[in-house]
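Structural overview for review
So the chains spell out like this:
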Amino acid sequence: MHDVLDLRDLVPDEAEQLTHSGYDAGGLLAEAREAAARSDTTALIAIRGRFARLSRSADWPYDEPSEPEAVWATLPAASEPDGEAPADVAERIEGAWLGRCIGNTMGKPVEGLTADEVALYLEAVGQQPQVGYLPLLDPLPAGVSHLHESAPYASAGRFDAVPRDDDLDWTILGLHLLETYGDRMTTQDIAREWLDRIPFTQTFTAERAAYRNLVSGHTPPATATVDNPYREWIGALIRTDAYGYVHPGRPRAAARLALRDARLSHTGNGMYGAMWSAALISGALVASRPSDALRAALDVLPPGSRMYEAQRALLALADTGAEAAEALAWIQHHLGHYNWVHTVNNAATIAVALLWGEGDFVRSIALAVSAGNDTDSTAATVGSAVGALCGPSAVPERLVAPTGGVVRSAVRGFDRITVAELARRTDEVRRSLTAGAAAPAGHTVSKEEVAP
């Protein structure tokens, strides 16, 4: 599924991406799917060649740049505080790490299911709404097509540490990048660490396409665009929490690092999702309400983008006193056409879970998972934000105990690291950056570092 080495996936997925981005590619999408079903490589190559001749609809209402300077130019002027971080910021950082790990695991077994399928599964296991880890059912309830391939080792009673997942690997790699390069990391630095620290087989969609492009000799930003239909999917959003962890209350500083990271594999809303999630966590570390963190995150989104439009609409809906069910229905009605791994719809789910979860960890995770789609990713970011808002005490001990506070990881040098160690090292980086530490010895400042 979504094999970056297989034209049967790449060509239909590119047609879908173009269709969602204002191009008249619906006919080509149907042709590509038919050719893929026949394994007709010749037809797929011919269809791919026709993509370049497509033009965007004249009435496309969005302005979604991908060049970093152009992205920053769309944002209103803003200043960030230079004052001290909250006294409890180290504790909040630990809460964010813990919440990310536990939330991710709560969402893993049902990743990729529709909201209706998730509801059927929750009903069958007696968790409607969800209150903990999901048990593994065999056979599956009627109407549930499948569980995620991780279910056998990520379901209740089947793990003794936080199971490995890319949503956690990328956060861990973010810490490594910050420890190695500080705030002056470049996209090329990030690319080098991907190749050195992350196995190719543990990357997916946009990241796997970018990894393939790196090995093939491409450099950023071409790594994000060459045969990469997944460039606006959620992969970049899940990579950037660590940048928020080390910049509490400075959402633009966090978003700046996120943009450098995201441009390796993403464009447009894929990049904006990365900036938004980093700013969200930065804001949550100093906020008292989820809505405050979400408004801080809104301020780093280009106002002409689909990401901005959806996030602003959900904040407005919350202000009307609407119920959570109405907000989830709004997502399905307005954003249901997107692929289940797209950034815009999944970021909307994160916002709903935070706004209507009201700082309650279990309720917030349950809302994220109930929406279906990329449930482990949305639940991870929601857990990170709630943990950042409320500290580790927000995460019930009954959910922490089965993990032993230990995290499995595919990142070289980090497997079986503890949450406490991750939090301690993250806070060390934060304090170092706050003190204005220079770039690590041997690091050469590049033009990219002084660009917006």
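Residues numbered from 1 in each chain as written. Predicted model: local features only at pLDDT ≥ 70, side-chain atom pairs only at ≥ 80, totals over all residues. Heavy atoms only, no water.

**As for the overall build of the chain**
Put simply, the test is: Helix and strand assignments follow DSSP, with helices taken as H or I runs no shorter than four residues and strands as E runs no shorter than two, numbered in order from the N terminus. The reference for a compact globule is 2.2 Å times residues^0.38; the radius of gyration itself is calculated from the C-alpha atoms. Exposure categories follow from relative accessible area, calculated using a 1.4 Å probe and restricted to protein chains: below 20% of the type maximum is buried, above 50% is exposed, and the middle band is partly exposed. Two residues qualify as a contact provided that any one of their heavy atoms is within 4.5 Å of a heavy atom in the partner residue. For the area figures, the Shrake-Rupley method with a 1.4 Å probe applies, and any residue is considered shielded solely by the protein chains shown. When charges are counted, neither His nor the chain ends are considered; positive counts come from Lys and Arg and negative counts from Asp and Glu. Taken as the charge location is NZ of Lys, CZ of Arg, CG of Asp or CD of Glu.
Regarding its fold elements, the chain presents 22 helices and 2 strands. Taking 22 Å as the expected radius of gyration for a compact globule of 452 residues, we find that the chain reaches 21 Å, a close match to that expectation. Its C-alpha atoms give the chain principal-axis dimensions of about 60 × 55 × 45 Å. When burial is assessed residue by residue, the chain has 60% of its 452 residues classed as buried. Taking as baseline every contact in the chain between residues at least 6 positions apart, the subset at least 24 positions apart corresponds to 73%. A total of about 17,200 Å² of accessible surface is found on the chain, and carbon and sulfur atoms cover 51% of it. In the chain, 38 side chains carry a positive charge and 59 a negative one; their mean positions are 4 Å apart.

**Let's talk about the pattern of salt bridges**
Counted only if it meets this: Throughout this description, the term salt bridge denotes a Lys or Arg side-chain nitrogen within 4 Å of a carboxyl oxygen of Asp or Glu.
In the structure shown here, the tally under the stated rule is 26 salt bridges. The salt bridge involving Asp261 is made with Arg239; its shortest N-O contact spans 2.8 Å. Taken together, the positions of Asp261 in helix α12 (residues 251–262) and Arg239 in the loop between α10 (205–215) and α11 (241–245) put the pair 22 residues apart, joining distant regions of the chain. Accessibility classification places Asp261 together with Arg239 in one group, the buried group. We note a salt bridge from Asp319 to Arg295, for which the minimum N-O separation is 3.2 Å. Here Asp319 is found in helix α15 (residues 306–319), whereas its partner Arg295 is found in helix α14 (residues 290–298), with 24 residues between them in sequence. A residue is classified by how much of its surface remains accessible, and Asp319, at 58% relative accessible area, is exposed.

**Thoughts on the packing of aromatic side chains**
Within a pair of aromatic rings, the relevant descriptors are the distance that separates the centres and the angle that separates the planes. The criterion, for reference: Ring geometry is summarised as follows: Phe, Tyr and Trp rings, the Trp one being its six-membered ring, pair when their centres sit within 6.5 Å, and such pairs are stacked at plane angles under 30 degrees, edge-to-face over 60 and tilted between the two. Charge over a ring is defined by NZ of Lys or CZ of Arg lying within 6 Å of the ring centre and within 35 degrees of the ring normal.
By the definition in use, this model includes 6 aromatic pairs. Seen from their ring centres, Trp60 and Tyr62 are 5.0 Å apart, and the 70° between their planes marks the pair as edge-to-face. Owing to a relative accessible area of 21%, Tyr62 belongs among the partly exposed residues under this scheme. Measuring from ring centre to ring centre gives 5.0 Å for Tyr133 and Phe159, while their planes differ by 85°; the resulting arrangement is edge-to-face. Linking Tyr133 in the loop between α6 (115–125) and α7 (151–154) with Phe159 in the loop between α7 and α8 (166–181), this pair joins segments that are 26 residues apart in sequence. The two residues Tyr133 and Phe159 agree in class, both being buried. Stacked on the ring of Phe200, the Lys or Arg Arg208 has its end atom at 5.1 Å from the ring centre. One Lys or Arg, Arg256, reaches over the ring of Trp72 and ends 4.4 Å from the middle of that ring.

**Examining the confidence of the model for the chain**
Convention followed: Confidence scores here are pLDDT values: one per residue, from the predictor, ranging 0 to 100.
Averaged over all residues, the pLDDT of the chain is 95; the fraction at 70 or higher stands at 96%. Scored below 50 in pLDDT, residues 437–452 makes 27 contacts in the model with residues more than four places away or belonging to other chains.

**A short note on the packing of α15 against helix α16 (residues 324–335)**
For any two helices packed against each other, one specifies the inter-axial angle together with the distance between the axes. Rule in force here: Axis angles are defined between N-to-C directions and span 0 to 180 degrees, where every axis is a line fitted to C-alpha atoms and, for a helix, only to the segment in contact. In these notes the angle categories are as follows: under 35 degrees is roughly parallel, over 145 is roughly antiparallel, 65 to 115 is roughly perpendicular, and the rest is oblique. It is the rotation of the near helix from the far one that decides the hand of a crossing: anticlockwise by less than a right angle makes it left-handed, clockwise makes it right-handed. Throughout this entry, Asp, Glu, Lys and Arg are counted as charged residues, while Ala, Val, Leu, Ile, Met, Phe, Trp, Tyr, Cys and Pro are counted as nonpolar. The remaining residues, Gly among them, count as polar.
Direction vectors running N to C along α15 and α16 enclose 150°, while the axes themselves pass 11 Å from each other. The orientation of α15 with respect to α16, classified from their angle, is roughly antiparallel. Taken as a pair, α15 and α16 cross one another with a handedness that is right-handed. Here α15 contributes Ala310, Ala313, Leu314 and Leu317 to the contact with α16, which in turn contributes Glu326, Ala327, Trp330 and Leu335. Residues belonging to the contact of α15 with α16 are distributed by class as follows: 7 nonpolar, no polar and 1 charged.

**Digging into the environment of His148**
Among the structural elements, His148 can be located in the loop between α6 and α7. As for His148 and Gly112, which are separated by 36 residues in sequence, their C-alpha atoms are 6.9 Å apart. Setting aside its immediate chain neighbours within four residues, His148 contacts Lys108, Pro109 and Glu111.

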